[in-house]
Amino acid sequence: MAALASDEFQGRMPCSIGEEKTVDYLVKEMKAMGLTPGNGDSYLQTVPLLEIDTKLTNDMSISTKAGKMSLNPGTDYVVHTERAVDKAELLESELVFCGFGIISEQDNWNDYAGIDMKGKTAVVLVNDPGFGGEDSTFFKGNTMTYGGRWSTKYDFADKVGADGLLIIHQTSMAGYPWFVVQSSWMGPQQNLAGINRDNDCSVKGWITIDKAQELFKKSGEDLTEMIKAARTPGFKPVELGATVSVEMETTNSTCESSNVIGYLPGSKYPDEYILYTAHWDHIGTGDPVNGDSIYNGALDNASGTSTVLAISEMFANKEKAPERSVVFLFVTAEEQGLLGSEYYAENPLFPLDKTVANLNMDGVNPAGAMKDLSITGMGYSDMDDIAAAEAKKQDRYTIAEQEPEKGYFFRSDQFSFAKKGVPVFYGSGGFDHKEKGKEYVKEFSENYIAKRYHAPADNYDADSWNFEGMLQDGQLYYNVGSKLANSQQWPEWKSGSEFSRPKMMKN
Ligand SMILES: [Zn+2]
């Protein structure tokens, strides 16, 4: 963990010198453990990436019934294009408020009902209609659903043929402040290469809630009332009688990144697989903060990468190989939108319908040993029960994640496998410290989110960290994987979840 998060690794940006060092390091470790290469005679799976650098050349202008508005790039809006073009723009594109921008058969919901979006730009809310509600059967109440995640809104806007999409940012509904939108979406963006996006929205992005409020007011509407309407079944899109224009210049290039993969062939059922994952990448170098420009990503995710390596070593050191095969996959470009895991899920090296489960680690608890195991996405599958049984052996109780509105289930690589129907486990020690209790952990995590998350200060910090929690979670992940690897159990999705085997997405 210290090596991966050192300055030498330059923040582990895909396609950089940091990638070279990281990939070499992982391959060397896997070889030394005697893991079998996961891709023929290679430990690497090439992931072709398209990098698009967008320059916002001027203000976004909006014409409303009550006059013009001018939005500054970065402070008021952030947009980009996913098309490999030199220039992208919206030219007096009609603005339509499309609720939460969700189409969900399961929830009997269509925010684009009865409107032709061609040439128009959708303005949508972040999260989903259940947000902040008491009724856990309406969508999932306060727990963010698949449709509530921004990436799903992007997909829906593409699907209905909209020209543009603007998501209204609001901190509590998004789960992160505006600066995360800025740092995530300004500057070069990577995406999977080789995908035709000619029919996707030409412009996608975000506007601040302040500017959205002004837009609605000038259009004779009230945002609070609109949010209420958007949460009412039968909501219909509202044409705002306003248009938006914005343009940007883009340059694009392609590069090759790598997923790193090795495995231990099963002794009895070699054609059935337990899949461990952790993303090796982080966000590289960037704007200096207190003179530091290397975004080391120690917790995110040198911690998960090194823990999964340690787990693979535990499996490799056992005298007898597990009955099923155990695969260790270190994916690239998670920070760019779960790209490495998406690529693997589209081009699996081991069949997904023979993949028993995915156990993903992203950010392993540095606060110390815990009384709890907090499961992100609890309620989705039988993996809950398998993990709970193992947690119990460690004298830990199991609880659901404590901030379900933030949509963490959709924010790391397990989501790429859930979409394909592979049951997943994503959990960590949680929120109840063995000696110091809940308040201590709350403060510890809030401090990390405020000062270190996606900042240069996410350094390896042996002085202030307590590694007991990582050991505890590493052991738990090993135990859960080992249990499945030495059984004939096939965990299933629970009824009512958005996912199911073998493949599918009900909406
Ligand atoms: Zn991460």
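Further up the page is the structure itself.
The rules behind the values
Residues numbered from 1 in each chain as written. Predicted model: local features only at pLDDT ≥ 70, side-chain atom pairs only at ≥ 80, totals over all residues. Heavy atoms only, no water. Phe/Tyr/Trp six-rings, centres within 6.5 Å; stacked < 30°, edge-to-face > 60°. Helix = DSSP H or I, 4+ residues; strand = E, 2+ residues; numbered from the N terminus. Buried < 20%, exposed > 50% of the residue type's maximum accessible area, 1.4 Å probe, protein only. Donors = N, O, S within 2.8 Å, 3.2 Å for Na, K, Ca; no water. Tetrahedral: all angles 85-135°; square planar, octahedral: opposite > 155°, others 65-115°. Arc of directions from axis to C-beta. Contact = heavy atoms within 4.5 Å. Polar contact = N/O pair within 3.5 Å; in protein donor to acceptor, adjacent residues only side chain to side chain. Axes fitted to C-alpha atoms, helices over the stretch in contact; angles between N-to-C directions. Parallel < 35°, antiparallel > 145°, perpendicular 65-115°, else oblique. Left-handed = near helix turned anticlockwise from the far one by under 90°. Nonpolar A, V, L, I, M, F, W, Y, C, P; charged D, E, K, R; others polar. Pairing = 2+ DSSP bridges.

*Asks:* I'd like a rundown of the packing of aromatic side chains, residues and numbers included.
*Replies:* The full count for this structure, using the stated rule, is 34 aromatic pairs. Consider the rings of F9 and Y25, whose centres lie 6.1 Å apart with planes at 85°: the pair is edge-to-face. Taken together, the residues F9 in the segment before α1 (17-33) and Y25 in helix α1 connect sequence positions 16 residues apart. Between the aromatic rings of F97 and F216, the centroid separation amounts to 5.3 Å while the plane-to-plane angle is 85°, which identifies the pairing as edge-to-face. Residue F97 is found in strand β6 (residues 87-97), and its partner F216 is found in helix α5 (residues 209-218); the two are separated by 119 residues along the sequence. Its relative accessible area of 0% is what places F97 among the buried residues. A residue is classified by how much of its surface remains accessible, and F216, at 0% relative accessible area, is buried. Put simply, the rings of Y146, Y380, F409, F410, F415, W493 and F499 pair up and form one aromatic cluster.

*Asks:* Kindly report on the coordination of the zinc ion, identifying the contributing residues and their values.
*Replies:* Those donors, H279 (NE2), D300 (OD), D362 (OD) and D362 (OD), are the protein atoms that reach the zinc ion, and they lie 2.0 to 2.5 Å from it. The site at the zinc ion holds 4 donor atoms, and with the angles between them running 55 to 151°, its shape is irregular. Counting the intervening residues between successive donors of the zinc ion yields the motif H-x20-D-x61-D. Residue D300 is found in helix α7 (residues 298-317), and its partner D362 is found in the loop between β19 (355-360) and β20 (372-375); the two are separated by 62 residues along the sequence. Take D300 and D362: they sit in the same class, and that class is buried.

*Asks:* So what about helix α4 (residues 178-185)? Which residues, and what values?
*Replies:* A turn of α-helix holds 3.6 residues, and therefore any two residues three or four places apart point the same way. Buried residues of α4: W178, V180, V181 and W185, and no others. Taken down its axis, α4 places every buried residue within 160° of arc, on the same side. Summarising the contacts, the buried residues of α4 are in contact with β5 (77-80), α2 (150-159), β11 (164-169), β12 (189-192) and β13 (203-208). Once α4 ends, the next one or two residues include G187, with phi positive near 85°.

*Asks:* Explain the side chain of E82 to me, using residue names and the numbers behind them.
*Replies:* Among the secondary structure elements, E82 is positioned in the loop between β5 and β6. Among the polar contacts made by the side chain of E82, one reaches the side chain of K204 at a distance of 2.6 Å. Apart from residues lying up to four places away in sequence, E82 is in contact with I52, Y154, N191, R197, D200 and K204.

*Asks:* Explain the packing of α7 against helix α12 (residues 468-485) to me, and be specific about the residues and the numbers.
*Replies:* Contact geometry of α7 with α12 gives a least axis separation of 10 Å together with a crossing angle of 50°. As the angle between them shows, α7 and α12 are arranged oblique. Where α7 crosses over α12, the handedness of that crossing is right-handed. Facing L299, S303, T307, I311, M314 and F315 of α7, the residues of α12 in contact are M470, G474, Q475, Y477, Y478, G481 and S482. The class makeup of the residues in the contact of α7 with α12 is 7 nonpolar, 6 polar and no charged.

*Asks:* Can you lay out the sheet that holds β20 for me, pointing to particular residues and giving the numbers?
*Replies:* Backbone-to-backbone hydrogen bonds join strands into a sheet, with any given pair of strands oriented parallel or antiparallel. The mixed open sheet is built from 3 strands, whose spatial order is β21-β20-β23. Edge strands, defined here as strands with exactly one partner in the open sheet, are β21 (397-400) and β23 (427-428). In the packing of helix α9 (residues 383-393) onto the sheet, the strands contacted are β20 and β21, and the crossing angle to β20 comes to about 165°.

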